[in-house]
Amino acid sequence: MTKKIDPRVKLLFVICISSLGLAFTKFSMLLAVFFIGLLISHVLKADLFMLLKRIKIMLYLFVVLVVIQSIFVRSGDSLVNLGGITILTSEGLSRGFAYLMRVLIILISGAIIATCDMRRLIQGLIQMKLPYDFAFMTSIGVKFLPLLMEELKDTLTAIQLRGIDIGKLQLKERIEIISYIFTPVFVGALSKAKKLSLSVECRGFRAFDNRTSILTLKFSPFDYLAITLTFILTATLIITNQYFI
Amino acid sequence: MNEFIRIERLFCSLNKVQVLRNINMTLNSKEFVSIIGPNGSGKTTLGKVITGIIKQDSGEIFIDNKNIKDLSLPEIGRKIGYLFQNPDRQIFASTVYEELSFALKYKKTSIDIIEKRVGEILDIFELNHLRDASTYSLSQGEKQRLAIGAILLNDPEYLILDEPTTGLDPKRKNELSKLLNSLINHVGILLISHDKAFVLKHSDRIIELYDGSLKNDKKN
Ligand SMILES: Nc1ncnc2c1ncn2[C@@H]1O[C@H](COP(=O)(O)OP(=O)(O)O)[C@@H](O)[C@H]1O
Ligand SMILES: [Mg+2]
């Protein structure tokens, strides 16, 4: 079933929850959006394990953010004092939580989009009147990304094999090394792009404004139901936010 | 001859496909060994496992009597120079000079010594006229020489060269031959290649891989 849901429906849902996530400021509302997103991503069998791994990294950032917000936003009650300096306030804590929720909502949105079959997603974008050259670019980007990651890893390995222990370098040198890692990958990507564009051009890409496709997407009754539900849900959330909390 | 690399009951798989099966061998310092075998027989994988780039499933590898599990990539890199099958993978600086001086610079070598040592390598590899050239515009053969030169500046005790003759014209191949001959008294070499003539010309020992297993290991 999850594969059969039209990617455009998923796109609509993701647009709704991420805009709500950005628009809402009240913590309870953000929490509600987060749980709805989590529920739907679970139904769609999104890769929540990846999400979990990212959350672990996020938690450090979260602690830092809460402290920074507490130090610089001078409002709310002081919760923790350290040598006369307030490092934790209730306001800082709630802002930090709100920030964490927003990031999580965005991550969930990404996980939901990742459940789409790429070919179908791009077809969906084309049928939403996105010019097919853009759609084609996106699809190439998606295909090349893992390759680029692999090249990055190889270059990093090659640098280490020169006897350079990146962990033991000073910060300034480490930053230099990062530029060494990225330069060959960018240059390689550019030259690949050049070759690809030539070969695509030779096969008459963009010779006509429209391109037919063997795959066309059609909304099923279930899709219409999902779209309606998404709209109702979004409206309910907005109304609740405005008048009841 | 002293034992330099020892491999015991090595198994390795990539993406759940078994690529190396029960490899046992020892490679001695200052010995010239070649690994031959058809495409996909696991030669590159074997080289990468020895260098610690790929982790094995089971089995042990010792370099200089130290288990590679206890060595970091930089530590292995200081002992073994590894030439990637595709030299693009290991050239990351933007000019030839920068590429060669790269490792020395981070080891806090003084400018005079860097100048001198890089100069030597530029001479040996006939790269002097390309000293300030962009590495991206080099030909395949020039990249190959640059990559080997950069490795040698690390003073490795052992070299693993993955198909170094691909893309070289006969003249360049000859020069590589000469270079290897000049190195053989100083370092051990593991040459991965299916260039029969080249292998026969240089090797003390030829190891044949077939479908991930050792098929043959004999003196040349
Ligand atoms: N990243 C990978 N994932 C899965 N299989 C791989 C990967 N890289 C190589 N292989 C497979 O491993 C086998 C050995 O590859 P390789 O060591 O490159 O062989 P050789 O260098 O002898 O040509 C081949 O069958 C190849 O298809
Ligand atoms: Mg190979």
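Residues numbered from 1 in each chain as written. Chains lettered and ligands numbered in written order. Predicted model: local features only at pLDDT ≥ 70, side-chain atom pairs only at ≥ 80, totals over all residues. Heavy atoms only, no water.

Asks: Please provide a residue-by-residue account of the overall build of chain A, values included.
Replies: Secondary structure summary: chain A contains eight helices and two strands in total. Taking 245 residues into account, the globule formula puts the C-alpha radius of gyration at 18 Å, and chain A, at 23 Å, lies well above it. Overall, the C-alpha framework of chain A stretches about 70 × 60 × 30 Å when taken along its three principal axes. Within the span of chain A, comprising 245 residues, buried residues form 36% of the whole. Sequence separation of 24 or more characterises 72% of the internal contacts of chain A that already satisfy a separation of 6 or more. Here chain A holds 28 positive side-chain charges and 15 negative ones, and the gap between their average locations is 4 Å. (Helix = DSSP H or I, 4+ residues; strand = E, 2+ residues; numbered from the N terminus. Rg over C-alpha atoms; globule rule 2.2 N^0.38 Å. Buried < 20%, exposed > 50% of the residue type's maximum accessible area, 1.4 Å probe, protein only. Contact = heavy atoms within 4.5 Å. Lys, Arg positive; Asp, Glu negative; His and termini not counted. Charge placed at Lys NZ, Arg CZ, Asp CG, Glu CD.)

Asks: Explain the overall build of chain B residue by residue, including any values.
Replies: A count of helices and strands for chain B gives seven helices and ten strands. Whereas a compact globule of 220 residues would reach a radius of gyration of roughly 17 Å, chain B reaches 17 Å, a difference of no more than 12%. Across its three principal directions, the C-alpha atoms of chain B cover 45 × 40 × 35 Å. Within the span of chain B, comprising 220 residues, buried residues form 55% of the whole. Summing over all exposed atoms, chain B offers an accessible surface of approximately 9,900 Å²; the carbon and sulfur share of this is 49%. (Areas by Shrake-Rupley, 256 points an atom, 1.4 Å probe, with all protein chains shown as cover.)

Asks: An account of the site of ligand 1 is needed here, citing residue identities and associated values.
Replies: All names here are of chain B. In the region of ligand 1, the neighbouring residues are Leu14, Asn15, Val19, Pro38, Asn39, Gly40, Ser41, Gly42, Lys43, Thr44 and Thr45. Contacts to ligand 1 include Gly42, whose backbone N or O atom sits 3.1 Å from an oxygen atom. Within the contact set of ligand 1, an oxygen atom lies 2.5 Å away from a side-chain nitrogen or oxygen of Thr45. Looking at which element gives the most residues to the shell around ligand 1, the answer is helix α1 (residues 43-50), with three residues. (Near = heavy atom within 4 Å. Polar contact = N/O pair within 3.5 Å; in protein donor to acceptor, adjacent residues only side chain to side chain.)

Asks: How would you sum up the sheet that holds strand β6 (residues 80-83) of chain B? Please name residues and give values.
Replies: Residues and elements named next belong to chain B. Read across the sheet, six strands follow the order β6-β7-β8-β3-β9-β10 without closing on themselves; strand pairing throughout is mixed. Taken across any chain shown, the strands that pair with only one partner, and hence form the sheet edges, are β6 and β10 (213-219). Each strand axis lies, on average, 15° off the axis of its neighbour in the sheet, ignoring direction. Bridge count between strand β3 (residues 32-36) and strand β8 (residues 188-192): four bridges; the pairing is parallel. The residue of β8 that forms the bridge with Val33 is Leu190. (Pairing = 2+ DSSP bridges. Axes fitted to C-alpha atoms, helices over the stretch in contact; angles between N-to-C directions.)

Bear in mind that shape data such as this cannot, by itself, settle questions of function.
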